[in-house]
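# Commentary on secondary and tertiary structure
So the chains spell out like this:
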Amino acid sequence: MGQEQNLYLLLDSGGIPLAQARPQGPASISGNLWQLVVQDDKIDLVLEHKQFKLMAITDASPSYEGTLVRSRNDMIQLEVRKSATNGNDMRKNLRVPVRFKSFIYPVTGGWPGRRSVESHDLSCGGIAFFTDQSLQIGERFEVVVTVTSQPLVVVGEILRMRPSNQGGSIMYAAKFVDLCEDEETLLRESVFNLQLSGRFR
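Owing to the predicted nature of the structure, the values given are computational and were not obtained by experimental measurement. (Residues numbered from 1 in each chain as written. Predicted model: local features only at pLDDT ≥ 70, side-chain atom pairs only at ≥ 80, totals over all residues. Heavy atoms only, no water.)

### Details of a negative patch on the surface
- On the surface, Asp40, Asp41, Asp44, Glu48 and Asp74 cluster together into a negatively charged patch.
- As for its placement among the helices and strands, Asp74 is situated in the loop between strand S5 (64-72) and strand S6 (75-82). (Patch = residues over 30% accessible without salt bridge, like charges linked within 9 Å, V, L, I, M, F, W, Y side chains within 5 Å. Areas by Shrake-Rupley, 256 points an atom, 1.4 Å probe, with all protein chains shown as cover. Salt bridge = Lys/Arg side-chain N within 4 Å of Asp/Glu carboxyl O. Lys, Arg positive; Asp, Glu negative; His and termini not counted. Charge placed at Lys NZ, Arg CZ, Asp CG, Glu CD. Helix = DSSP H or I, 4+ residues; strand = E, 2+ residues; numbered from the N terminus.)

### Notes on the sheet that holds strand S2 (residues 17-23)
- The strand order S1-S2-S3-S6-S5-S4 describes a closed barrel built from six strands, whose pairing is antiparallel. With strand direction ignored, the average angle separating the axes of adjacent strands in the sheet is 45 degrees.
- One ladder, built from four bridges, connects strand S1 (residues 8-12) with S2; its direction is antiparallel. For Leu10, the partnering residue across the bridge sits in S2 and is Ala19. (Pairing = 2+ DSSP bridges. Axes fitted to C-alpha atoms, helices over the stretch in contact; angles between N-to-C directions.)

### What to know about the nonpolar core
- Ranked by size, the top nonpolar core spans 33 residues in total, and within it Leu9, Ile104, Leu122, Phe129, Val145, Phe176 and Phe192 carry the most contacts.
- Only S1, strand S9 (115-122), strand S10 (126-131), strand S11 (140-145), strand S12 (152-162), strand S13 (170-177) and helix H3 (181-199) provide two or more residues apiece to this core.
- Among the elements that take part in this core, H3 stands out by supplying six residues, more than any other.
- Discounting residues that sit within four places of it in the chain, Phe176 has contacts with Leu122, Ser123, Cys124, Gly125, Gly126, Ile127, Val143, Val154, Val155, Gly156 and Leu187.
- Formed by 20 residues, the second largest nonpolar core is a distinct cluster that contains Val46, Leu54, Leu78 and Val80. (Core = buried A, V, L, I, M, F, W, Y, C linked by side-chain atoms within 4.5 Å. Buried < 20%, exposed > 50% of the residue type's maximum accessible area, 1.4 Å probe, protein only. Contact = heavy atoms within 4.5 Å.)

### What to know about the pairing of S9
- Most of S9 is tucked away, with six of its eight residues classed as buried.
- With two bridges joining them, strand S7 (residues 96-97) and S9 adopt antiparallel strand pairing. Residue pairing in the sheet places Val96 in a bridge with Leu122 of S9.
- Of the pairings in the sheet, the one linking strand S8 (residues 101-106) to S9 comprises four bridges and is antiparallel in character. Paired with Phe103 across the strands is Ser116, a residue of S9.
- Both S9 and S10 contribute to a ladder of four bridges, which runs antiparallel. Residue pairing across strands places Ser119 opposite Phe129, the latter belonging to S10.
- Connecting S9 to the antiparallel partner S10 that follows it, the hairpin turn spans three residues.

Dropping the structure here:
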């Protein structure tokens, strides 16, 4: 997908998601001055800020930083530069609290059947979830992610146990492994949309 077709997530200087913005046309993000149309009537919120971070939603292009130059209606013009922060790292670390019930299935674990889990948070790079069952660090499993635009079955690897105040449940943090490009895109879109919807609750 060409860069001019990207949808971008606008974050404030502290990394809080504000809105999605789309380039006004193929020539609108050439050079250092970009013209972006702010989506979903969020222009007033965006105009409360002067400095922004930008992350492309639909591909792994670099992340950017931008300064507001001017605005008109729902369009903004930003003076942009590439961010020193790696775009892939920013996307993977953008974590959103979200609760959904699901199941995990063993890939390398020796347990049979499936196990019930409830998510705690989700990022483009992994998931944290609660379960009543004991899992091993390094163990791989398949998990059904139900908050994407279509249900997604992805492979995760247990990284660590995390403190939990959820009764007898254990919380585990896991990273996603062997994602294909389409799976990464679905996860990115879901995480960014959940971030924005949470911002306005």
